[in-house]
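Take a look at the letters that make up each chain.
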Amino acid sequence: MAKPLGPTGEFFRRRDEWRKHPMLTNNLRHATPGLGIALVAFGVYLAGEAAYNYFHRPDPHSTTHH
């Protein structure tokens, strides 16, 4: 069992209670619920587009211009 904090420890415990307030913990994650999934999906899209453009380059000796 933990020993009692005493007057100094109790003072600092009360001063740090604001850090555990629900408005301050994980606020950004709860404010943007789908942001992580959207960023991963966008990254996959960019990688896929870059791979597509790499493998389907126009032939440099071609005479047609698009």
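Residues numbered from 1 in each chain as written. Predicted model: local features only at pLDDT ≥ 70, side-chain atom pairs only at ≥ 80, totals over all residues. Heavy atoms only, no water.

*Asks:* A description of the overall build of the protein chain should follow, citing residues and the corresponding values.
*Replies:* The helix and strand tally for the protein chain stands at 3 helices and 0 strands. Ordered by position from N to C terminus, the α and β elements of the protein chain give α-α-α. Within the span of the protein chain, comprising 66 residues, buried residues form 0% of the whole. For the protein chain, the computed accessible surface area is about 6800 Å², with 65% contributed by carbon and sulfur atoms. (Helix = DSSP H or I, 4+ residues; strand = E, 2+ residues; numbered from the N terminus. Buried < 20%, exposed > 50% of the residue type's maximum accessible area, 1.4 Å probe, protein only. Areas by Shrake-Rupley, 256 points an atom, 1.4 Å probe, with all protein chains shown as cover.)

*Asks:* Which residues make up the UniProt feature "transmembrane region" (unreviewed entry) in the protein chain, and what values do they have?
*Replies:* According to UniProt, the "transmembrane region" (unreviewed entry) feature falls on residues 30–48. Span residues 30–48 is 84% helix and 0% strand, its end C-alpha atoms 29 Å apart. (UniProt positions renumbered as here; feature names shortened; annotations may be inferred.)

*Asks:* Outline the packing of aromatic side chains, supporting the account with residue identities and numerical values.
*Replies:* Here the structure, examined in full by the defined rule, presents 2 aromatic pairs. Where Tyr54 meets Phe55, the ring centres are 5.1 Å apart and the plane angle is 80°; that geometry is what we call edge-to-face. When its relative accessible area of 64% is taken as the criterion, Phe55 is described as exposed. (Phe/Tyr/Trp six-rings, centres within 6.5 Å; stacked < 30°, edge-to-face > 60°.)

*Asks:* With reference to specific residues and values, describe the confidence of the model for the protein chain.
*Replies:* Segments scoring low in pLDDT should not have their predicted coordinates read at a detailed level. When pLDDT is averaged along the protein chain, the result is 78; 68% of the residues meet or exceed 70. Helix α3 (residues 35–55) holds the highest mean pLDDT among the elements of the protein chain, 95, whereas helix α1 (residues 6–15) holds the lowest, 69. (pLDDT = per-residue confidence, 0-100.)

*Asks:* Can you tell me about a nonpolar patch on the surface, naming the residues and giving the values?
*Replies:* A cluster of nonpolar residues, Phe42, Tyr45 and Leu46, forms a patch on the protein surface that exposes about 320 Å² of accessible area. Relative to the helices and strands, Tyr45 is located in helix α3. (Patch = residues over 30% accessible without salt bridge, like charges linked within 9 Å, V, L, I, M, F, W, Y side chains within 5 Å. Salt bridge = Lys/Arg side-chain N within 4 Å of Asp/Glu carboxyl O.)

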